[in-house]
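Spelled out from the first residue to the last, the chains are:
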Amino acid sequence: LEPAPRQGAAAAGRGGTGSASVGGRRGEVRPKAISNTLCAFGQLPHRPDDATLSSLGDGAARNLDGFRAQEVSNTLLGVSNLEHDPGAAFWDAAMRTTMENLRSFEGQETSNLLWACARLGRPAPQEVVDALLEQSAAQNLGGMASVLNLSQCLWACAKMDRPPGGVRARGGARDSQVRVAH
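Definitions and cut-offs
Residues numbered from 1 in each chain as written. Predicted model: local features only at pLDDT ≥ 70, side-chain atom pairs only at ≥ 80, totals over all residues. Heavy atoms only, no water. Helix = DSSP H or I, 4+ residues; strand = E, 2+ residues; numbered from the N terminus. Buried < 20%, exposed > 50% of the residue type's maximum accessible area, 1.4 Å probe, protein only. Areas by Shrake-Rupley, 256 points an atom, 1.4 Å probe, with all protein chains shown as cover. Expected span 1.5 Å × (residues − 1). Axes fitted to C-alpha atoms, helices over the stretch in contact; angles between N-to-C directions. Left-handed = near helix turned anticlockwise from the far one by under 90°. Contact = heavy atoms within 4.5 Å. Nonpolar A, V, L, I, M, F, W, Y, C, P; charged D, E, K, R; others polar.

Caption draft 1: Spotlight on the overall build of the chain. The secondary structure content of the chain amounts to 7 helices and 4 strands. When the helices and strands of the chain are placed in sequence order, the string is β-β-α-α-α-α-α-α-α-β-β. In the chain, which comprises 182 residues, the proportion classed as buried is 38%. Accessible surface, the chain as shown: approximately 10500 Å² in total, 51% of it carbon and sulfur.

Here it is, written out as structure tokens:
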């Protein structure tokens, strides 16, 4: 018996070889593949070598501008679980991409991103923290906020020494303001 041919998008004629690509360019790895790989490595009982982690971090840093909210937060979560700091260029790119994709961050992405920054001792800039918390508050005016996400965000803020200032969420007729005493 011979295995059946693969029927993925690449095998069905959009690339032909099955190689990973971004924007139709052969040889490049998709953002989701990088974030999933780093998250999976973070769950393993052993840590990959530094050369492997550095290669993944460098690849992510070059392509973070193409990452969506979940991919950014999962990438940061992965490197934090591995206790691997990919360096300043990576973190700068991650924070820039976070601000560019701010409106697509939901509670879990926000808490994972802030937690990852806190865990590795790489505090997110105050403007990123405030923008993420304001976005989260705006999304959760109806009481749909996960208690876990909220507590994780506040723990991360405390750990990063980035206490949330006044976060104001506008919800039409109902405005909500949260003030945290410093």
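Next comes the rest of the description.
Caption draft 2: Geometry of helix α6 (residues 126-139). In a regular helix each residue adds 1.5 Å, so 14 residues correspond to 20 Å; α6 covers 20 Å between its end C-alpha atoms and thus fits that length. Turning to α6, its buried residues number three or more, namely V128, V129, A131, L132, L133, Q135 and S136.

Caption draft 3: How the structure looks around unusual backbone geometry. A positive phi angle is found at E83, which is not glycine, with a value near 55°. Here E83 is to be found in the loop between α3 (69-81) and α4 (88-100). According to the relative accessible area criterion, E83 is exposed, its value standing at 58%. Phi at D161 is positive, roughly 55°, even though this residue is not glycine.

Caption draft 4: Structural context of the packing of α4 against α6. Two elements in contact, α4 and α6, have axes whose closest approach is 10 Å; the angle formed by their N-to-C orientations is 35°. Considering how the two elements wind past one another, α4 and α6 form a crossing that is left-handed. Contact residues: α4 offers M95, T98 and M99, while α6 offers E127, V128, A131 and L132. Tallied by class, the residues present in the contact of α4 with α6 amount to 5 nonpolar, 1 polar and 1 charged.

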